[in-house]
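Remarks on the overall topology
In case you want the letters, here they are:
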Amino acid sequence: MSAEFSAAHAPSFWASARKQAAREATASAGAGITVDSVFYSLDSYKTQAQSAGGTKSFGLKEFRGLFRGFLPVVATGTAPSFAVFFSLYEPLKLSLQRDGRDAQNSAAVLATSGICAVPASIVAVPSDVLKKRVVLGLETDAKSAIRNIYNAGGVGGFFVGWRANVLKDVPFAAVKMCLYEGSVALYMRMRGYPPGTSVRSLENAGLGMVSGAITGVMTCPLDVVNTVSRCPTGLPLHRVSIT
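Worth saying up front: this structure is predicted, and the values here are computed from it rather than measured. The residue numbers shown here count from 1 along each chain, following its written sequence. With pLDDT at 70 or above as the cut-off, local features in this predicted model cover only qualifying residues; side-chain atom pairs require 80 or more to be listed or tallied, and sums for whole chains, interfaces and linings still use all residues. Water and hydrogen atoms play no part in the side-chain values, which are based on all heavy atoms of the structure.

1. Structural notes on the overall build of the protein chain
A run of H or I in DSSP counts as a helix once it spans at least four residues, and a run of E counts as a strand once it spans at least two, with each numbered from the N terminus. A count of helices and strands for the protein chain gives eight helices and zero strands. Helices and strands in the protein chain line up, N terminus first, as α-α-α-α-α-α-α-α. Classification of the 243 residues of the protein chain by burial places 38% in the buried group. Between two residues, a contact is recorded if the distance between any of their heavy atoms is within 4.5 Å. Across the protein chain, every contact between residues at least 6 apart in sequence was considered, and the portion connecting residues at least 24 apart equals 77%. Areas reported as accessible are Shrake-Rupley estimates using a 1.4 Å probe. Residue values count occlusion only from the protein chains shown. Working note: accessible area of the protein chain is about 13700 Å², and carbon and sulfur atoms make up 66% of it. Only protein chains enter the accessibility calculation, which uses a 1.4 Å probe; a residue is then buried when its area is under 20% of its type maximum, exposed when over 50%, and partly exposed in between.

And the structure:
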């Protein structure tokens, strides 16, 4: 690509990238809220199982406890984290395309997703700290949790274990997006999709679920470390079982 071409098209490229980022931020925030609405209780149970051995009994009371902190966690963590990641991810992919490189190249996707995961992970740390304390019964509700966390550690109290969060989220995002981009490309070739087209929404969702499930299993040990780092009464790592 010539310097003249790049200079002439740079303003239109970045204008398009900004619009794309805004669309991706809005859509991904909505997607994040939808995902958490469906799987919040399962993630809460997983957190309990990773901490003090999980719940010994499971009745109506325990079931209700799995939804503790749902609204504040989704509003302050899930939605902005998804929005930050995908608003950065798509423009960076467009930049790679503008430079004439394959946006679905594994190395490019790996680097892009890893970079975007860092700010997205940090944005989600306060809500993750809040969720774990409420779900594990260390606090009675989100309001008291916020007050007690701030009184004990100030603003820094909301970022306890942020390194563990980044350590978990960066490889998760990198592996997941590589699997997702690769599976989409393979699926389109197998189904004979013409160049420039995209898979249907239902197919896209299915490919995303499969890649997410595989990545979740692969990065589960990092998730355990993340949970234990935020739970003062947590399960010692030598007692963690994979069953």
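2. Re helix 4 (residues 106-135)
Helix length check: helix 4 (30 residues) gives 37 Å between terminal C-alpha atoms against 44 Å at 1.5 Å per residue, more than 12% under. Remark: the principal bend of helix 4, roughly 40°, maps to Val125, with a proline, Pro126, within the next four residues. Count one or two residues on from helix 4 and you reach Gly137, which has phi positive near 80°. Here the expected length of a helix is defined as 1.5 Å per residue gap, with one fewer gap than residues. To obtain the bend at a residue, axes are fitted to the seven residues ending there and to the seven starting there, and the angle between these axes is taken.

3. A short note on the environment of Phe70
Within the fold, Phe70 resides in helix 3 (residues 70-98). Taking relative accessible area as the criterion, Phe70 reaches 21% and is therefore assigned partly exposed. Taking the C-alpha atoms as reference points, Phe70 and Ala142, 72 residues apart in sequence, are found 9.0 Å from one another.

4. Observations concerning the environment of Tyr180
Positionally, Tyr180 belongs in helix 6 (residues 162-191). Looking at Tyr180, the relative accessible area reads 19%, which means it is buried. In this structure the C-alpha to C-alpha distance between Tyr180 and Ser211, which are 31 residues apart in sequence, comes to 5.5 Å. The residues touching Tyr180, leaving out its near neighbours within four places in the chain, are Asn204, Leu207, Gly208 and Ser211.

5. Some remarks on the nonpolar core
Residue types Ala, Val, Leu, Ile, Met, Phe, Trp, Tyr and Cys, when buried and joined through side-chain atoms within 4.5 Å, form a set referred to as a nonpolar core. In this structure, Phe85, Tyr89, Met177, Tyr180, Val184, Met188 and Val199 are the most contacted members of the largest nonpolar core, which totals 14 residues. Considering every element that reaches this core, the biggest residue donor is helix 6, with five residues. With residues near it in sequence (within four places) discarded, Met177 still touches Phe85, Phe86, Tyr89, Val109 and Ser113. Counting seven residues, the second largest nonpolar core, distinct from the first, contains Tyr40, Val73, Val135 and Ala145.

6. Observations regarding the packing of helix 4 against helix 5 (residues 142-153)
Packing of helix 4 against helix 5 brings their axes to within 10 Å, and their N-to-C directions diverge by 115°. The crossing of helix 4 and helix 5 is right-handed. Of the residues in helix 5, those in contact with Val129, Leu130, Arg133 and Val134 of helix 4 are Ala142, Ala145, Ile146 and Ile149. Classes in brief: Ala, Val, Leu, Ile, Met, Phe, Trp, Tyr, Cys and Pro nonpolar; Asp, Glu, Lys and Arg charged; the others, Gly included, polar. Residue composition of the contact of helix 4 with helix 5, by class: seven nonpolar, no polar and one charged. Axes, fitted as lines to C-alpha atoms, cover a helix only where it is in contact. Angles between the N-to-C directions of the axes lie from 0 to 180 degrees. What makes a crossing left-handed is the near helix being turned counterclockwise from the far one by less than a right angle; a clockwise turn instead makes it right-handed.

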